[in-house]
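Structure assessment
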Amino acid sequence: MEVIINKVKKSKISSVDFKNLGFCKYYSDHMFIAEYEEGEWKNFKITPFQDLKLSPACATLHYGQTIFEGLKAYKNNKDEILIFRAKKNAERFNKSAQRMCMPELPENIFTNSINELLRVDKNWVPKQDNSSLYIRPLMFAKDPYIGIRPADKYIYLIICGLAGGYYSEPVNVKIEEKFTRAIAGGVGYAKTAANYAAALYPAVKSQSEGYHQLIWTDGKKHEYVEESGTMNLFFVIDGKLLTPPLGDTVLDGVTRDSIISLCKNLNIDLEVRKISVEEIILSIKNGQLTEAFGAGTAATIAPIKMIGYDSKKYKISYGKNSISQKILSKLNKIKYGIDEDIFNWIHKIK
Ligand SMILES: *Cc1c(COP(=O)(O)O)cnc(C)c1O
């Protein structure tokens, strides 16, 4: 893969307030860009982070043929850059692409484009505790054409944003009883814009009631929980860790998958099965539900401190000796290269 590199004259990194990184408040100096034309990927470039020039008729702006990914780069104590499970993100990117009638991006292009960009922006992978560089690959239709059909031309991009070393504040979530994020046969399992745009209205409504996020339920009867905004869900009931199964309405989270793999290692009893809203509410009431949390790349693990359902608010405990903190600690030790990478999840950028 030949990449043309055009570097910035002066890095923006000196303007970064490293004490207040937030999440994607700062983008790194460069971006990666490639084009798909006549059935192949070409024109691989690294350029300064900059605005794009698009036709007002660009198909994506009208019909939303676009997909994205999210993963992170970490620095270990030798200042080496570690990327967590890029292969799994590449596979998911292609699953999303297939569902949206977009071209496949070969896994080696996905991984090499990240490696090349991070070699140029290596100073942007922060060193301080728990911070990282969030990597956002995306692909979208470029055709300047008003009409519904899969486009012929596509753009693949990667931008990177700094992610601070924040401890995820416990969240209030509401079990959604009316609106639907995804239905069987739909696009819920694809990381595509439509899912997030459709979720905004119910999410904003719940925020006005004091919630941070929603717990989405099945689109048929709102009987079973599925996932949260950009996180998969876990519950501890009777000491057992539970998570709903995947399917075409649930995003196959890398964090979820990693937690499932780690459970054996951490001696945590895990079951993947359907979990009804009724079971959750009953087991909160009789004290069997002791923890609930969301899992995703951005926050890693976000403990849930309150669940709202049927106009009632139920408190959930969280804290130091919880199963979620045990998992979070182990996951972070692997991501930052402190503990042995027993699952071969990490690749180093040389
Ligand atoms: C990205 C995402 C997740 C979490 O996936 P990770 O790979 O763990 O970051 C969960 N649900 C939705 C809807 C998402 O978009």
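For every chain, the first residue of the written sequence is number 1, and numbering continues from 1 along that sequence. Where local features are concerned, this predicted model is filtered to residues with pLDDT of at least 70; where side-chain atom pairs are given and counted, the filter is 80 or more; whole-chain, interface and lining totals use all residues. Values reported for side chains reflect all heavy atoms of the structure, with hydrogen atoms and water molecules removed beforehand.

What about the overall build of the protein chain?
Quick reminder of the rule: Helix numbering and strand numbering both begin at the N terminus, where a helix is a DSSP run of H or I of at least 4 residues and a strand a DSSP run of E of at least 2. Restricting the calculation to C-alpha atoms gives the radius of gyration, and the globule rule supplies 2.2 Å times the number of residues raised to the power 0.38. We call two residues in contact when some of their heavy atoms are within 4.5 Å. Residue burial considers only the protein chains on display, and all accessible areas are found by Shrake-Rupley using a 1.4 Å probe. Within this scheme the basic residues Lys and Arg register as positive and the acidic residues Asp and Glu register as negative, but His and the chain ends are omitted. Every charge is mapped onto a representative atom, which is NZ of Lys, CZ of Arg, CG of Asp or CD of Glu.
Scanning the protein chain from N- to C-terminus turns up seven helices and 19 strands. Taken over C-alpha atoms, the radius of gyration comes to 21 Å for the protein chain, in line with the 20 Å a tight globule of 350 residues would show. Counting only C-alpha atoms, the protein chain reaches 60 × 50 × 35 Å along its principal axes. Sequence separation of at least 24 residues holds for 71% of the intrachain contacts in the protein chain that already meet a minimum separation of 6. Carbon and sulfur atoms form 50% of the exposed surface of the protein chain, whose accessible area is close to 16,900 Å². Averaging the locations of the 49 positively and 40 negatively charged side chains of the protein chain gives two centres separated by 4 Å.

A look at the packing of aromatic side chains
Stated precisely, the cut-off is as follows: Only the six-membered ring of Trp is used, alongside the rings of Phe and Tyr, when aromatic pairs are assigned; centres must lie within 6.5 Å, and planes under 30 degrees apart are stacked while those over 60 apart are edge-to-face, with the rest tilted. Counting as a charge over the ring demands two things of the Lys NZ or Arg CZ atom: a distance within 6 Å of the ring centre and an angle within 35 degrees of the ring normal.
For the structure shown, the criterion picks out 15 aromatic pairs. Ring plane angle 55 degrees and centroid distance 6.0 Å describe the contact between Phe93 and Tyr156, whose orientation is recorded as tilted. Of this pair, Phe93 sits in helix 2 (residues 86-99) while Tyr156 sits in strand 9 (residues 154-163); the two residues are 63 residues apart in sequence, bridging distant segments of the chain. Counting every residue linked through ring pairs, the aromatic cluster contains Phe32, Tyr36, Trp41, Phe44, Phe93, Phe110, Tyr154 and Tyr156. Over the aromatic face of Tyr211 sits the side chain of Lys313, whose NZ or CZ is 5.2 Å from the ring centroid. The ring of Phe84 has Lys335 lying over it, and the distance from NZ or CZ to the ring centre is 5.0 Å.

Considering empty space enclosed by the protein
Applicable threshold: With a 1 Å grid laid over protein atoms only, a set of points is called a cavity when a 1.4 Å probe fits there but cannot get out and a pocket when it is open yet has protein on both sides within 12 Å along at least five of seven lines; lining residues have an atom within 4 Å of a point. Grid points are joined across faces, edges and corners, and a volume is the space filled by probe spheres set on the points.
If you walk through the whole model with that rule in mind, you get one cavity of 30 Å³ or more. The volume enclosed by the largest cavity comes to roughly 70 Å³. Mapped onto the lining of the largest cavity, the elements with two or more residues apiece are strand 6 (71-75) and helix 5 (254-265). Considering each element in turn, the lining of the largest cavity owes the most residues, three residues, to strand 6.

A closer look at the site of the ligand
Put simply, the rule is: We call a residue near a molecule or strand when any one of its heavy atoms sits within 4 Å of it. Distance and chemistry together define a polar contact, namely a pair of N or O atoms within 3.5 Å, with one atom able to donate a hydrogen and the other to accept it when in protein, and with adjacent residues in sequence counting only for side-chain atoms on both sides. Here the criterion for a molecule occupying a pocket or cavity is that more than half of its atoms lie within 2 Å of the pocket grid points.
Residues in contact with the ligand amount to 15 residues; listed here are only the nearest, Lys191, Tyr196, Glu227, Thr255 and Thr297. Within the side chain of Thr297, a nitrogen or oxygen atom sits 2.7 Å from an oxygen atom of the ligand. Alone, the ligand offers 380 Å² of accessible surface; in the complex the protein occludes 97% of this. Put simply, the ligand lies in the largest pocket.

Examining the state of the cysteines
Selection rule: Note on terminology: pairs of cysteine sulfur atoms within 2.5 Å are recorded as disulfides. Exposed residues in this analysis have more than 50% of their type's maximum accessible area, buried residues have under 20%, and partly exposed residues fall in between, with area computed by a 1.4 Å probe over protein chains only.
Summed over all chains, the structure comprises zero disulfides. Here Cys101 is not disulfide-linked; the sulfur of Cys58 is the nearest cysteine sulfur, at 17 Å. Under the relative-accessibility criterion, Cys101 is labelled partly exposed at 46%.

Observations concerning the domain arrangement of the protein chain
Think of interface size as the accessible area that goes away when the parts come together; that is how it is often given. We count it as follows: In this document the domain limits rely on a domain assignment from an automatic tool or a database. Summed over both partners, the accessible area (1.4 Å probe) lost when two parts come together is defined as the buried area. Any carboxyl oxygen of Asp or Glu within 4 Å of a side-chain nitrogen of Lys or Arg constitutes a salt bridge here.
The domain boundaries assigned to the protein chain delineate domain 1 (4-165) and domain 2 (171-335). Of the residues lining the interface, 22 residues belong to domain 1; the matching set on domain 2 comes to 20 residues. Carbon and sulfur atoms supply 58% of the area buried between domain 1 and domain 2, which totals about 1,900 Å² over both sides. Our count for the domain 1 to domain 2 interface comes out at three salt bridges. Residues Asp252 and Lys88 are paired through a salt bridge, measuring 3.5 Å at the closest nitrogen-oxygen approach. Between domain 1 and domain 2 we count 12 residue pairs in polar contact (both at pLDDT 80 or more) in total. Broken down by element, the side of domain 1 that touches domain 2 gets its largest block of residues, six residues, from helix 2.

Looking at the pattern of salt bridges
One pass over the structure, following the stated rule, counts 19 salt bridges. Between Arg92 and Glu69 there is a salt bridge, with the nearest N and O atoms lying 2.7 Å from each other. In this pair, Arg92 sits in helix 2 while Glu69 sits in the loop between strand 5 (66-68) and strand 6, placing the two residues 23 residues apart along the sequence. By the burial criterion, Arg92 is buried, and Glu69 matches it. Bridged by salt links that share partners, the residues Lys240, Glu271, Arg273 and Glu279 form one connected network.

Some remarks on the nonpolar core
Test applied: To form a nonpolar core, buried Ala, Val, Leu, Ile, Met, Phe, Trp, Tyr and Cys residues must be joined to one another through side-chain atoms within 4.5 Å.
Phe32, Trp41, Ile83, Leu118, Ile135 and Tyr156 are the most contacted members of the largest nonpolar core, which has 42 residues in total. Counting residues per element, the ones that place at least two in this core are strand 3 (30-37), strand 4 (40-48), strand 6, strand 7 (81-84), helix 2, helix 3 (107-120), strand 8 (132-141) and strand 9. Per-element tally for this core: the top contributor is helix 3, with six residues. Not counting residues within four places of it along the chain, the set of residues in contact with Trp41 comprises Ala34, Glu35, Tyr36, Pro103, Glu104, Leu105, Pro106, Ile109, Met139, Tyr154, Ile155 and Tyr156. In terms of nonpolar packing, the next biggest core, distinct from the first, is built from 23 residues, Tyr74, Phe84, Ala295 and Ile301 among them.

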